[in-house]
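Report on the structure
Residue strings, one per chain:
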Amino acid sequence: MISERPEFFTGTEMPTAGWWEALWPDPASVLSTVGLKPGLEVVDLCCGDGWFTLPIAKIASHVVAVDLDPALLEVAKNKLAAEGLTNCKFVIGDAYEIAKLVPEPMNFIYMANAFHGVPDQPRLARAVYETLAPGGLFAIVNWHQYPREETTVTGEPRGPSTELRLSPEETVDAVTSCGMMLVDIVEIQPYHYGAVFKRP
Ligand SMILES: C[S@@+](CC[C@H](N)C(=O)[O-])C[C@H]1O[C@@H](n2cnc3c(N)ncnc32)[C@H](O)[C@@H]1O
């Protein structure tokens, strides 16, 4: 099983069917809230089954979707193909290796629902920094540090365990340690926040 591999980030399994759609009914508005604009070269890091990759591909110039799990990438690939989108590349690999997996400079790196499980967050931030063009943005979407029993969706507690959740301040400390600048912290209702950073 993919989640048993040592590279797999803790508590980042793709959710069981049904509630992701209820939690994220409008993924395009989340992307706009964290600053995605048309015309950019984008990476969807830890893209899963492509819930956000699809709207990214509709907005951006190109998107590279990266995930450790080939089966999820296949689902994402089919989703985009079904809508006739051809501006996406799918790359199997470990997010720490992003600078090698995506050697061309990118304008926007999006990482949703995965940063909490990265064991060495400053290491990942450094790799993202290397992949960004100067002035490029890194947008992280994280679960708030609310107790898990309070973050219910379709009647049940959802998301990573309470202990894994990061405050905005912890996220900012981890990412700015490599020289990235904080641009904004935004609220994403009901249970998430976005932290947006820029490579100077
Ligand atoms: C909770 S899912 C979120 C997927 C997507 N970002 C979303 O919000 O819909 C986290 C994803 O991270 C992937 N993942 C876990 N460890 C990884 C690693 N070391 N490198 C790349 N992807 C990884 C998992 O396979 C899973 O698809």
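Let me sum up the structure you'll find in this document. All values reported here derive from a predicted model rather than from experimental measurement.

The rules behind each value
Position labels on residues start from 1 in each chain and follow its written sequence. The predicted origin of the model limits local features to residues at a pLDDT of at least 70 and limits the giving and counting of side-chain atom pairs to 80 or more, whereas totals for whole chains, interfaces and linings rest on all residues. Remark: C-beta atoms are placed from the backbone, and a residue is labelled buried if 20 or more other C-beta atoms sit within 10 Å of its own, exposed if 12 or fewer do, or partly exposed between those counts. In this text, helices come from DSSP runs of H or I with a minimum length of four residues, and strands from runs of E with a minimum of two, each type numbered from the N-terminal end. Strand pairing is assigned whenever DSSP detects at least two bridges linking the two strands. Seen with its strands pointing away from the viewer, a crossover is right-handed when the path leading from the first strand over the helix to the second is clockwise.

1. Brief notes about the pairing of strand 5 (residues 132–143)
- Counted residue by residue, strand 5 has nine buried out of 12 residues, so it is predominantly covered.
- Of the strand pairs in this sheet, strand 4 (residues 106–112) and strand 5 are connected by six bridges, and their pairing is parallel. By the bridge assignment for strand 5, Met-106 is matched with Leu-132.
- This β-α-β element, strand 4 to helix 6 (residues 121–131) to strand 5, shows right-handed connectivity.

2. Observations regarding unusual backbone geometry
- In this model, Gln-189 is joined to Pro-190 through a cis peptide bond whose omega is 5°.
- Here Pro-190 lies in the loop between strand 8 (181–188) and strand 9 (192–198).
- Phi is positive for Cys-46, which is not a glycine, with a value near 65°.
- You will see that Asn-113, though not glycine, has its phi angle at about 60°, which is positive.
- Looking at the element boundaries, Asn-113 is found in the loop between strand 4 and helix 6.
- Assessed through the 24 C-beta atoms surrounding it within 10 Å, Asn-113 is described here as buried.

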